[in-house]
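Survey of secondary and tertiary structure
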Amino acid sequence: MNIRLTKYYYGDIPEENTGGGAGTVTVKDVAGWPLWEVFIRSKQGLDHKHVGSLQAADAQMAIENARDVYTRRSEGISIWVVESKHIHASNPDDAGAFYEPANDKVYRHPTFYDLPEELKHM
Amino acid sequence: MSVQELEKIFQGKVDQEIKIEPKDWMPDAYRKTLVRQISQHAHSEIVGMLPEGNWISRAPSLKRKAILLAKVQDEAGHGLYLYSAVETLGTPRNQTIEDLHSGKAKYSSIFNYPTLTWADIGAIGWLVDGAAILNQVMLCRTSYGPYARAMVRICKEESFHQRQGFEILLVLSKGTPEQKAMCQDAINRWWWPSLMMFGPKDGESTHSDQSMTWKIKRKSNDELRQQFVDMIVEQAKILNVTLPDPALQWNAAKGHYDFGEIDWVEFWNVVKGNGPCNKERLEARRKAWDEGAWVRDAAAAFAEKRAARQAQQVA
Ligand SMILES: [Fe+2]
Ligand SMILES: [Fe+2]
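Reading guide: rules and limits
Residues numbered from 1 in each chain as written. Chains lettered and ligands numbered in written order. Predicted model: local features only at pLDDT ≥ 70, side-chain atom pairs only at ≥ 80, totals over all residues. Heavy atoms only, no water. Donors = N, O, S within 2.8 Å, 3.2 Å for Na, K, Ca; no water. Tetrahedral: all angles 85-135°; square planar, octahedral: opposite > 155°, others 65-115°. Helix = DSSP H or I, 4+ residues; strand = E, 2+ residues; numbered from the N terminus. Buried < 20%, exposed > 50% of the residue type's maximum accessible area, 1.4 Å probe, protein only. pLDDT = per-residue confidence, 0-100. Contact = heavy atoms within 4.5 Å. Phe/Tyr/Trp six-rings, centres within 6.5 Å; stacked < 30°, edge-to-face > 60°. Lys NZ or Arg CZ within 6 Å of the ring centre and 35° of its normal. Pairing = 2+ DSSP bridges. Axes fitted to C-alpha atoms, helices over the stretch in contact; angles between N-to-C directions.

1. Topic: the coordination of the iron ion (ligand 1)
Residue and element names in this part refer to chain B. Looking at the metal site, the iron ion (ligand 1) is ligated by Glu45 (OE), Glu75 (OE), His78 (ND1) and Glu158 (OE), spaced 2.1 to 2.3 Å from it. In this structure, the iron ion (ligand 1) is surrounded by four donor atoms whose angles at the metal cover 81 to 164°, and the resulting shape is irregular. For the iron ion (ligand 1), the single-chain donor residues occur in sequence as E-x29-E-x2-H-x79-E. Between the iron ion (ligand 1) and the iron ion (ligand 2), the interatomic distance is 3.4 Å, and Glu75 donates to each metal, bridging them. Linking Glu45 in helix 2 (residues 28-47) with Glu75 in helix 4 (residues 62-87), this pair joins segments that are 30 residues apart in sequence. By the burial criterion, Glu45 is buried, and Glu75 matches it.

2. Thoughts on the confidence of the model for chain A
All names here are of chain A. For chain A, the average pLDDT comes to 80, and 75% of its residues sit at 70 or higher. Contacts for the low-pLDDT stretch residues 1-7, under 50 throughout, to residues beyond four places or in other chains number seven contacts. Contacts for the low-pLDDT stretch residues 17-29, under 50 throughout, to residues beyond four places or in other chains number 36 contacts.

3. Some details on the packing of aromatic side chains
If you walk through the whole model with that rule in mind, you get 15 aromatic pairs over all chains. Ring geometry for Tyr70(A) versus Tyr81(B): centroids 5.5 Å apart, planes at 20°, classification stacked. Here Tyr70(A), found in helix 1 (residues 59-70), pairs with Tyr81(B), found in helix 4, and the two come from separate chains. Summarising the aromatic geometry, the rings of Phe10(B) and Trp25(B) are spaced 6.5 Å apart at their centres and angled 80° between planes, so their arrangement reads as edge-to-face. Of the two residues, Phe10(B) is situated in helix 1 (residues 3-15) and Trp25(B) in the loop between helix 1 and helix 2; the sequence distance between them amounts to 15 residues. Its relative accessible area of 2% is what places Phe10(B) among the buried residues. It is Arg153(B) that lies over the ring of Tyr81(B); its NZ or CZ is 5.1 Å from the centre. Over the ring of Trp289(B) we find Arg296(B); its NZ or CZ atom is 3.8 Å from the centre of that ring.

4. Topic: the sheet that holds strand 1 (residues 35-41) of chain A
The strands making up a sheet are joined through hydrogen bonds of the backbone, oriented either antiparallel or parallel. Residues and elements named next belong to chain A. As summarised here, the arrangement of the three strands in space is 2-1-3, forming an open sheet in which the pairing is antiparallel. A strand with exactly one partner marks an edge of an open sheet, and here the two such strands are strand 2 (48-55) and strand 3 (78-83). Geometrically, the sheet is characterised by an average inter-axis angle of 25° between neighbouring strands, direction not taken into account. Pairing of strand 1 with strand 2 involves seven bridges; the strand directions are antiparallel. The partner of Phe39 across the bridge, within strand 2, is His50. Sheet strands touched by helix 1: strand 1, strand 2 and strand 3. Its angle to strand 2, the strand with the most contacts, is close to 110°.

Shown next, in the form of structure tokens:
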């Protein structure tokens, strides 16, 4: 006999159409709101850092929503938003070749230079 | 490169604890598992607002109302972080939401139980958020970068959820006989469903399981459940309440508490849609979506108008 053991993890119950009275559902497009990436400066003097993304109709709404979602506990003093489609990224598959030129230039690091111990403050 | 080679590189990264990022190559099944799991998690945050939302207008004081409102607002944020993480895997938000509304996608069964008294809000914070936190702390180290980062943010916010719940119960446990009884009754009703939150019992092949190999999960259901029981039994002593399980007792040899068998028939019943509130919860979500349509339309129209006005000013 062939017994197949199926195992489900916490929060990973298999899907099927029995969830609670399946009916006909119409989810209209969310008016085509674009996706925005959110960057937050946590305090004066620090860089803006990527914290997540959200959907919004325009930039102002994106900033207001980002305030409500990402700074409820004073995590930030400045917010940048940029539409996700405007972000261009390097290709992770090319990472090896792309960053390779840095590998053989050890002289860019201060530890490359052998200097006498008595030399101070350098 | 062949799929086998790509899979080897992928598993190599996972084994070395290098996070997988959205643009990295990943096996289709890994992507599918993540989409299913993260969207279920997102739906749980969203549907999870409903049982507590029931008490926002009924909270016993302005302070409690403000706290509950803040907690429920946090859960909405958690839903958003997780929907965004699903989006990074290439599944559009509308699809994810549609799967919830059609009943295809699951969410945590715990939210299909009703909140009958104010003490239930305490019990949810203490037990339900408590159980969720154990899972989420584990997921902070999950192999998929966006999921892990969402979990770190969520865990930071969750820490007050469990504490406020415990505090509600603590106050009741020191109150009038009626309040004490209300506290005990809520715990009696929420204890077993909370244990069910960790899912079915482990099969025999736990550690060879795919989710473990991919390091999406790092602990089995039973490991997490045991961790939960050990934690809660000690905390219950402070509340001076009992947990509704006669089999609950310290096992010195194991260094853990033994506990009784979960009613798996009830578990699968609720999962399959026959819990006390399944229909009500989905109805509420669909209604909120439909009745919110005009807000979404208005926001889009306003954005369009604003863009046109700005274009005019520039010209
Ligand atoms: Fe949450
Ligand atoms: Fe929570």
